[in-house]
Amino acid sequence: MNKTTIAIGFFTVCVTAAVAVAADPIKMKPPIPLPHAGITLGLPVGFVQQNELADETHILTAGRTESDKTTGGISLLVVPAEKGVTAESFLQGQVDAYTQSLAVRHFKKLGQAPISIAPGLEGLAASCQYSFRGIKTVAVVICFIRDIKPEKDAAAIHVAYLLTMEMPAERKKDILRTLDAVLETMKLTAIQRPIDMEHDYKGLILKDFKGGYSVRAPKGWASGKNDWGITLKQIDFLAGGVACPDVQIVSITMDDKLNSKECGRKYLDAEIKRGLKVDVISEGPAKLAGKDAYQYVVRKSISAPATTPASQPATKPADASDKPKIVQTPEEEPIMQVHRLLTVPAEGDKVRHYAIILTTRRCDVKKTAAMMDKLAENFSLIAIPKNPPKPTPKKYKLEL
């Protein structure tokens, strides 16, 4: 990483000068490799990496607390971008969306300046200040666009990186030298497909009390909940910026007495009736939560869903709920799915049906099935309480 002078707004000093006058150097932890995003990044001592990621574009978040008070935050957002998107336009879009939040007040962009990320790769550094739920905050944001060639004759993929550091306003003298220490550890690496990587499946334990199960999220994977249950995923930039692997866990009660095999077949038949081409590659007995289950491995011809529209009207007002533009994979590209299914008795005459559905793209059967085996090993059934506990709020605010 080249040392770069950044003169930004209210700081009125450059990074190198800030480091030179610092009483104590910033101590850093060993760099964290993030191969699916093509980057390595170190955290300052005192900052703790969070295991839970909001979505697959949030590659890393970390926070620092002192005396139960948050005194710093770092986040790295990596997003596939459309052709023609610049660091300035991408950053401005993020700022416009952020300022729509009701929790943000008195937002002011203080300044910006170019920054050299690597030879031949320029980015943009910007500073801002605002009040978040009454807490006066300062932030510095580094943004750059990287072009990736997944294959020799393939079109370039544009990837936007957004590195944000936040601190309380009273700590503004520390923010530049801390950011500079982080930048010194940052290195760009070759992007790898998540499906080709080794994963640590002993991450955060997630519990769906309403659904009656728990599962470990592999480290570095984003997790969330929807109407069906828990989701787990990582973004695959080399496949066009879609989630791959993409896991959906389902827990539903049913009135009929279908077993795991019959229930899975009924679902596949419904997909066929919807006009999808479904090829069953293999099927047979399996295990889930230590019980007899059933598994289907299928290939589907389906249009990959877009996380957001590929294009939006230029006049559309900014919305805090808007997410960065995501590039779609080609329509009708086949996907691979593994369905691991379990049916158990439920209250009354009903049964409860569990399903782990793993979706991959541009991946062979062996790798997809092996990943399902690992996911299933870390799935357990839990008692369904009458009064499920409320979710614990996130400790750190890292939204920009």
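Coordinates for the structure precede this section.
Everything numeric in this text was worked out from a predicted model, so none of it was measured. (Residues numbered from 1 in each chain as written. Predicted model: local features only at pLDDT ≥ 70, side-chain atom pairs only at ≥ 80, totals over all residues. Heavy atoms only, no water.)

Student: Please clarify how the overall build of the protein chain should be interpreted in this entry.
Tutor: Within the protein chain, the regular secondary structure consists of five helices and 20 strands. A total of 400 residues make up the protein chain; the buried ones form 50% of that total. Restricting to contacts in the protein chain with at least 6 residues of sequence separation, those with at least 24 account for 60%. (Helix = DSSP H or I, 4+ residues; strand = E, 2+ residues; numbered from the N terminus. Buried < 20%, exposed > 50% of the residue type's maximum accessible area, 1.4 Å probe, protein only. Contact = heavy atoms within 4.5 Å.)

Student: Even after reading the chapter, I still don't get the sheet that holds strand β20 (residues 379-381), so can you show me in this structure?
Tutor: Pairing between the strands of a sheet comes from backbone hydrogen bonds, and it takes one of two forms, parallel or antiparallel. Spatially, the three strands line up as an open sheet ordered β11-β12-β20, and their pairing is antiparallel. The sheet is open, and its two edges are formed by β11 (205-208) and β20, each paired on a single side. For this sheet, the mean angle separating the axes of adjacent strands, direction not counted, is 20°. The sheet contact formed by strand β12 (residues 213-216) and β20 spans three bridges and is antiparallel. Counterpart to V215 in the pairing with β20 is F379. (Pairing = 2+ DSSP bridges. Axes fitted to C-alpha atoms, helices over the stretch in contact; angles between N-to-C directions.)

Student: Please explain the nonpolar core as it appears in this structure.
Tutor: In terms of nonpolar packing, the biggest core is built from 38 residues, with L76, V78, I142 and L163 touching the most fellow members. For this core, the leading source of residues is strand β9 (residues 157-168), giving six residues. Counting 27 residues, the second largest nonpolar core, distinct from the first, contains Y201, I249, I356 and M372. (Core = buried A, V, L, I, M, F, W, Y, C linked by side-chain atoms within 4.5 Å.)

Student: I tried to follow the pattern of salt bridges on my own but got confused; where do I start?
Tutor: Side chains carrying opposite charge are able to pair once their charged atoms draw close together. One pass over the full model with this rule turns up 14 salt bridges. In this structure, R171 engages E66 in a salt bridge whose closest nitrogen and oxygen atoms are separated by 2.9 Å. Of the two residues, R171 is situated in the loop between β9 and α3 (172-185) and E66 in strand β4 (residues 58-66); the sequence distance between them amounts to 105 residues. Given the relative accessible area of 21%, R171 is considered partly exposed. With a relative accessible area of 35%, E66 lands in the partly exposed category. Across the pair K219 and D200 runs a salt bridge whose closest N-O atoms are separated by 3.3 Å. Note that K219 is positioned in the loop between β12 and β13 (222-225) and D200 in the loop between β10 (187-188) and β11, a separation of 19 residues in sequence. With relative accessibility at 34%, the residue D200 sits in the partly exposed group. Members of the salt-bridge network, linked through shared partners, are E66, R171, D174 and R177. (Salt bridge = Lys/Arg side-chain N within 4 Å of Asp/Glu carboxyl O.)

Student: Could you clarify how one ought to interpret the sheet that holds β13 in this entry?
Tutor: On the basis of which strands lie adjacent, the open sheet formed by seven strands has the order β13-β14-β15-β19-β18-β17-β16 and antiparallel pairing. In this open sheet, the two strands that pair with only one neighbour each are β13 and β16 (277-288). For this sheet the average axis-to-axis angle between neighbouring strands, irrespective of direction, equals 20°. When strand β14 (residues 230-236) meets strand β15 (residues 242-254), the two strands line up antiparallel, connected through five bridges. Bridging across to β15, K233 finds its partner in D246. Helix-sheet contacts for helix α4 (residues 260-273) involve β15, β16, β17 (291-301), β18 (334-345) and β19 (351-361), and the interaxial angle to β17 is about 15°. On the sheet, helix α5 (residues 365-377) packs against β14, β15, β16, β17, β18 and β19 and is oriented at approximately 30° with respect to β18.

Student: Can you help me understand the state of the cysteines in this one?
Tutor: Each disulfide is one covalent bond, formed between the sulfur atoms of two cysteines. This structure, assessed with the given rule, holds zero disulfides. Considering cysteine sulfurs only, C363 is the nearest to C244, which forms no disulfide, with 6.3 Å between them. (Disulfide = S-S within 2.5 Å.)

Student: Please explain the packing of aromatic side chains as it appears in this structure.
Tutor: In this description, a pair of aromatic rings is defined by centroid distance and the angle of the planes. Here the structure, examined in full by the defined rule, presents seven aromatic pairs. Measuring from centroid to centroid gives 4.7 Å for F144 and Y161, while their planes differ by 10°, and the two rings are stacked. In this pair, F144 sits in strand β8 (residues 135-148) while Y161 sits in strand β9, placing the two residues 17 residues apart along the sequence. Through a chain of ring-to-ring contacts, three or more aromatic side chains come together here, namely Y213, Y354 and F379. (Phe/Tyr/Trp six-rings, centres within 6.5 Å; stacked < 30°, edge-to-face > 60°.)

Student: Looking at this structure, how should I read α3?
Tutor: One full turn of an α-helix is made of 3.6 residues, so residues set three or four places apart face in the same direction. Of all 14 residues in α3, 10 are buried, a share of seventy percent or more. Along α3, the residues classified as buried are I175, L176, R177, T178, L179, D180, A181, V182, L183 and T185.

Student: Which parts of the structure should I look at to understand the pairing of β14?
Tutor: Here is the key point about a regular strand: its side chains alternate between the two faces of the sheet. With seven of its seven residues buried, β14 lies for the most part within the structure. Neither face of β14 is left uncovered, since the one carrying I230, L232, Q234 and D236 and the one carrying T231, K233 and I235 both have all their residues buried. Sheet topology places β13 next to β14; four bridges connect them, and they run antiparallel. What sits directly across from S223, in β14, is L232. Here β13 hands over to β14 after four residues, with G229 in that stretch at a positive phi of 155°. Linking two consecutive strands that pair antiparallel, namely β14 and β15, is a turn of five residues; a positive phi of about 100° is found at G240 within it.

Student: Mind showing me how you'd approach the environment of I32 here?
Tutor: By the element assignment, I32 lies in strand β1 (residues 32-34). On a C-alpha basis, the gap between I32 and Q49 in space is 9.8 Å, while along the polypeptide they are 17 residues apart.

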